[in-house]
Amino acid sequence: MADGSKVLDVAGVSKRFGDLEVLSDISFQVAKGETVCVLGPSGSGKSTLLRCINWLERPDAGQIYLTGTEIGVTGAGIVMSDRELSRLRTRIGMVFQHFALWPHLTVLQNLMEAPIQVQKRPSAEVRDEALALLAKVGLSDKRDAFPAKLSGGQKQRVGIARALAMRPDLLLFDEPTSALDPELVGEVLVVMRELAHEGMTMVVVTHEMGFARDAATRILFLDRGRVVETAPPERFFSAPETERARQFIQRYAGHVANGGCRT
Amino acid sequence: MIHDFGIVWSERNLLLSGLGNTTILSVLSAAAALLIAFVLTPALMSKQQWLAGIVRGFVDGMRCVPFLLFAYIVYYGLPSVGLRLDNWTSGLVALTIYNAAYMAEILRGAWAAQPREPIEAGIAFGFSNLGLFRRIVLPPLLLAAGPVIGNQMIQIIKDSAFLTIIALPELTHAASSIQSRHYVPFAAFITAVFLYWGLCLVIEAGVSSIDRLAMARR
């Protein structure tokens, strides 16, 4: 049953694409202030899991609760209207792999668009908050630039600020640094670490083992659509319980063990 | 020859009112066609197969009909099924419906070429239905499709010349009246050609200002 003390409660979620079972019976909870890193090989269903949480993909089975409230379908199995679903989605911020900024709007307008148009908050208040968020991610000087004129790292910092402007209860990150040149990864991770440190509740799908090791409160290891292992990062990286996790760490995170992680 | 143009000059009021009517016809029907396309295009992109199929049939069918024939049908044909429209209404309706099909296809093409992620971000940030289309989908679409829409507007201006056959007093009709009244075909028609050209230059200027907006965002 839903546990209201958790920000996110994923209960038995399954998803198929045709014959392919992408997620099978996934359950986990995220408490307030936690940073959960979802790790796993490519094709293990990490992104699909994230997209099921805010119903960008509709789960075939299972239930998702945001602070105790069902998302998508009610307990009685009734699918929500677009309007209800949209209202819940405004409480979940999302950061995309390819940034997904709105190209026709300036940086500042990107931050203000949904709070004003969807949340109907007063524009003066939204603007002040947006300017503060841009300062926080170090992009005050880019407020009037269009996204196309920014570097990848800058775009992703705008993406994070845009998500924060919604004052979300939960932030989802879908491989936020995978599309970046290596030298630009650091500036994005700095912002994410800061958020984790401030107690933002986050679910992060990533391949950045350094970040997972020292910013996550918990690791969720997925393989072939199943949660194979869940553990605090120290234990996961130093003493994984399963053979699959051991192989994964060796292949993807070998350099972490050698102290060569990038930040 | 100079004398012929002198005659055309003496009839300038007729030509200018023709130019005015051509402008009104083109602008009104282009705007209306674009508005209708805003409804048709989401239908073309719809996951509902039956809806997409019906609209696809209309768009493809309409684009295969010669405009002159379509104008004949609206003005001369519809009265036999009990729908009688005056020449102005017929002209506007014909131009609008005919070009709505083109506009819908133009926007569909531009939409299909847009990246999916920004729209998905719109959904994830709580936009839905009309708000999603109006705030997130449409603006980049119009910027991307601006030059092609401008091109279609030029097509509309030229198509409007056909409406002379239903006695609409537009520019071609005015030029044709002047030539039949004074027997100055070359001077009358060449003057009309230059006036059409001037109108198209105005459209081109509009297109390049949209293009500047788009370039800043690219």
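Since the structure is predicted, the reported quantities are computational estimates derived from the model, not experimental observations.

**Q** Please explain the overall build of chain B as it appears in this structure.
**A** Looking only at helices and strands, chain B has nine helices and zero strands in total. Going from the N terminus to the C terminus, chain B shows its helices and strands as α-α-α-α-α-α-α-α-α. With the C-alpha coordinates aligned to their principal axes, the bounding extent of chain B is approximately 70 × 50 × 25 Å. By residue count, 44% of the 218 residues in chain B fall in the buried class. Pairs at least 24 apart in sequence give 77% of the contacts found in chain B among residues at least 6 apart. Accessible surface, chain B as shown: approximately 10,900 Å² in total, 69% of it carbon and sulfur. Charge centroids of chain B, computed over 14 positive and 11 negative side chains, lie 7 Å from each other.

**Q** Just to check I follow, could you spell out the packing of helix 5 (residues 152-164) of chain A against helix 6 (residues 182-198) of chain A for this structure?
**A** What describes two packed helices is the angle between their axes and the distance between those same axes. All names here are of chain A. Close contact between helix 5 and helix 6 brings their axes to 8 Å; oriented N to C, the two are set at 20°. Our classification of the angle between helix 5 and helix 6 gives roughly parallel. The residues of helix 6 that touch helix 5, namely those facing G152, G153, Q154, Q156, R157, I160 and L164, are L184, E187, V188, V191, M192 and L195. Its residues assigned to classes, the contact of helix 5 with helix 6 shows seven nonpolar, four polar and two charged.

**Q** Sorry if this is basic, but what is going on with the interface of chain B and chain A here?
**A** A common way to express how large an interface is: the accessible area buried when the components associate. Taken residue by residue, the interface counts 23 residues in chain B and 28 residues in chain A. Of the roughly 2,200 Å² buried at the junction of chain B and chain A (both faces included), carbon and sulfur atoms supply 60%. Considering only the side of chain B, the residues that lose the most area to chain A are E117, F125 and R217 of chain B, jointly responsible for 33% of the buried surface there. Applying the counting rule to chain B against chain A returns two salt bridges. A salt bridge links R51 of chain A to E120 of chain B; the nearest nitrogen and oxygen atoms lie 2.8 Å apart. Per-class residue counts for the side of chain B that touches chain A are twelve nonpolar, four polar and seven charged.

**Q** Is there a simple way to explain the pairing of strand 6 (residues 92-95) of chain A in this structure?
**A** Regular strands show a simple pattern: their side chains alternate between the two faces of the sheet. All names here are of chain A. Side chains I92 and M94 project from strand 6 onto one buried face, and the interleaved G93 and V95 project onto a second face that is buried too. Where strand 6 and strand 7 (residues 170-174) come together, four bridges link them in parallel fashion. Note that in strand 7 the partner of M94 across the bridge is L172.

**Q** Sorry if this is basic, but what is going on with a nonpolar patch on the surface here?
**A** A cluster of nonpolar side chains, contributed by L69, Y72, I73 and Y76 of chain B, occupies part of the molecular surface with about 390 Å² of accessible area. The residue I73 of chain B is located in helix 4 (residues 67-77) in this model.

**Q** Hey, could you run me through the pattern of salt bridges in this one?
**A** Should the charged atoms of two oppositely charged side chains come close, the side chains can pair. What the rule picks out here adds up to 24 salt bridges over all chains. Two residues, E243 of chain A and R246 of chain A, come together in a salt bridge whose shortest N-O distance is 3.3 Å. Highlighted residues: E243 of chain A and R246 of chain A, both in helix 9 (residues 243-257), separated by three residues, approximately one helical turn. In this structure E243 of chain A comes out as partly exposed when scored by relative accessible area, which is 46%. In this structure R246 of chain A comes out as partly exposed when scored by relative accessible area, which is 36%. One connected set of salt bridges, linked through shared partners, spans R56, D60, R63, E105 and R108 of chain B.

**Q** Help me out: how do you make sense of the nonpolar core in this one?
**A** One broad rule of soluble globular proteins: the nonpolar side chains tend to lie buried together. L8, F28, L39, I160, L170, F173 and F236 of chain A are the most contacted members of the largest nonpolar core, which totals 153 residues. Counting residues per element, this core draws most heavily on helix 7 (residues 129-159) of chain B, which supplies twelve residues. Sequence-distant contacts of L170 of chain A, that is, excluding residues within four places in its chain, are made with V7, L8, I53, L66, R91, I92, G93, M200, T201, M202 and V203 of chain A.

**Q** Which parts of the structure should I look at to understand the environment of E11 of chain B?
**A** All names here are of chain B. Within the element layout of this structure, E11 appears in the loop between helix 1 (2-10) and helix 2 (12-44). The class for E11 is buried, based on a relative accessible area of 14%. Placed 188 residues apart in sequence, E11 and L199 show a C-alpha to C-alpha distance of 19 Å. Not counting chain neighbours up to four residues away, the residues in contact with E11 comprise I178, R181 and H182.

**Q** Which parts of the structure should I look at to understand the sheet that holds strand 7 of chain A?
**A** Strands in a sheet are paired, the pairing made by backbone hydrogen bonds, and the direction either parallel or antiparallel. Residue and element names in this part refer to chain A. Across the sheet, six strands lie side by side as 6-7-8-3-9-10; this open sheet has mixed pairing. Since the sheet does not close on itself, it has two edges, and those belong to strand 6 and strand 10 (226-231), each with one partner. Geometrically, the sheet is characterised by an average inter-axis angle of 20° between neighbouring strands, direction not taken into account. As judged from the five bridges shared by strand 9 (residues 218-223) and strand 10, these two strands associate in the antiparallel manner. Its bridge partner lying in strand 10, F221 is registered against E229. On top of the sheet, helix 1 (residues 46-53) reaches strand 3 (35-39), strand 6, strand 7, strand 8 (202-205) and strand 9; it is set at about 150° to strand 7, its chief contact. Across the sheet, helix 5 is in contact with strand 6 and strand 7; its angle to strand 6 comes to roughly 175°.

**Q** I tried to follow the pairing of strand 9 of chain A on my own but got confused; where do I start?
**A** Burial analysis of strand 9 of chain A places six of its six residues in the buried class, which makes it a mostly covered element. Going residue by residue along strand 9 of chain A, you find R218, L220 and L222 of chain A tucked away on one face and I219, F221 and D223 of chain A tucked away on the opposite face as well.

**Q** Help me understand the sheet that holds strand 2 (residues 20-31) of chain A in this model?
**A** Residue and element names in this part refer to chain A. Read across the sheet, four strands follow the order 2-1-4-5 without closing on themselves; strand pairing throughout is antiparallel. Each edge of the open sheet is held by one strand with a lone partner, namely strand 2 and strand 5 (69-71). Pairs of neighbouring strands in the sheet enclose a mean axial angle of 25°, with direction left out of account. As defined by bridge partners, strand 4 (residues 61-66) adjoins strand 5 across three bridges and the pair is classed as antiparallel. Pairing of Y65 across the sheet is with E70, part of strand 5. Against the sheet, helix 1 contacts strand 1 (6-17), strand 2, strand 4 and strand 5, and its axis sits at roughly 60° relative to strand 2.

**Q** What exactly am I supposed to notice about the packing of aromatic side chains here?
**A** Any two aromatic rings considered together are summarised by their centre-to-centre distance and by the angle between their planes. Taken as a whole and assessed by the stated rule, the structure comprises 13 aromatic pairs over all chains. Ring plane angle 75° and centroid distance 5.7 Å describe the contact between W102 of chain A and F125 of chain B, whose orientation is recorded as edge-to-face. Here W102 of chain A is found in the loop between strand 6 and helix 3 (107-117), whereas its partner F125 of chain B is found in the loop between helix 6 (117-124) and helix 7 on a different chain. Owing to a relative accessible area of 0%, W102 of chain A belongs among the buried residues under this scheme.

The rules behind the values
- Within any chain, residue numbers begin from 1 and follow the written order of that chain's sequence.
- Chain letters and ligand numbers both follow the written order, the letters beginning at A and the numbers at 1.
- It should be noted that, the model being predicted, local features are given only for residues of pLDDT at least 70 and side-chain atom pairs only at 80 or more, the latter also being counted only at that level, while totals for whole chains, interfaces and linings use all residues.
- In computing side-chain properties, one takes all heavy atoms of the structure into account and sets aside hydrogens as well as water.
- Only runs of H or I of at least four residues qualify as helices and only runs of E of at least two qualify as strands under DSSP, and these elements are numbered from the N terminus.
- When a residue's accessible area, from a 1.4 Å probe over protein chains only, is under 20% of the maximum for its type it is buried; when over 50% it is exposed; and in between it is partly exposed.
- Contact definition: two residues touch when any of their heavy atoms are within 4.5 Å.
- Residue-level accessible areas treat just the shown protein chains as cover; the underlying method is Shrake-Rupley with a 1.4 Å probe.
- Under the counting rule used here, the positive set is Lys and Arg, the negative set is Asp and Glu, and His together with the chain ends is not counted.
- To locate a charge, take NZ of a lysine, CZ of an arginine, CG of an aspartate or CD of a glutamate.
- Every angle, taken between N-to-C directions, lies between 0 and 180 degrees, and every axis is a line fitted to C-alpha atoms, over only the stretch in contact when it is a helix.
- By definition in this entry, angles of less than 35 degrees are roughly parallel, angles greater than 145 are roughly antiparallel, angles of 65 to 115 are roughly perpendicular, and the rest are oblique.
- Polarity classes work like this: nonpolar for Ala, Val, Leu, Ile, Met, Phe, Trp, Tyr, Cys and Pro, charged for Asp, Glu, Lys and Arg, and polar for all others, with Gly in that last group.
- We define buried area as the total accessible area lost by two parts upon association, computed with a 1.4 Å probe and summed across both.
- Think of a salt bridge as a Lys or Arg side-chain nitrogen and an Asp or Glu carboxyl oxygen that are within 4 Å of each other.
- Two strands are said to pair when DSSP picks up at least two bridges between them.
- Patch membership is restricted to residues that have no salt bridge and whose relative accessible area is over 30%. Joining uses 9 Å for like charges and 5 Å for the nonpolar side chains Val, Leu, Ile, Met, Phe, Trp and Tyr.
- The set of buried Ala, Val, Leu, Ile, Met, Phe, Trp, Tyr and Cys residues whose side-chain atoms join them within 4.5 Å is what this entry labels a nonpolar core.
- Working definition: rings of Phe, Tyr and Trp (its six-membered ring) pair if their centres are within 6.5 Å, and the pair is stacked with planes under 30 degrees apart, edge-to-face with planes over 60 apart, and tilted otherwise.

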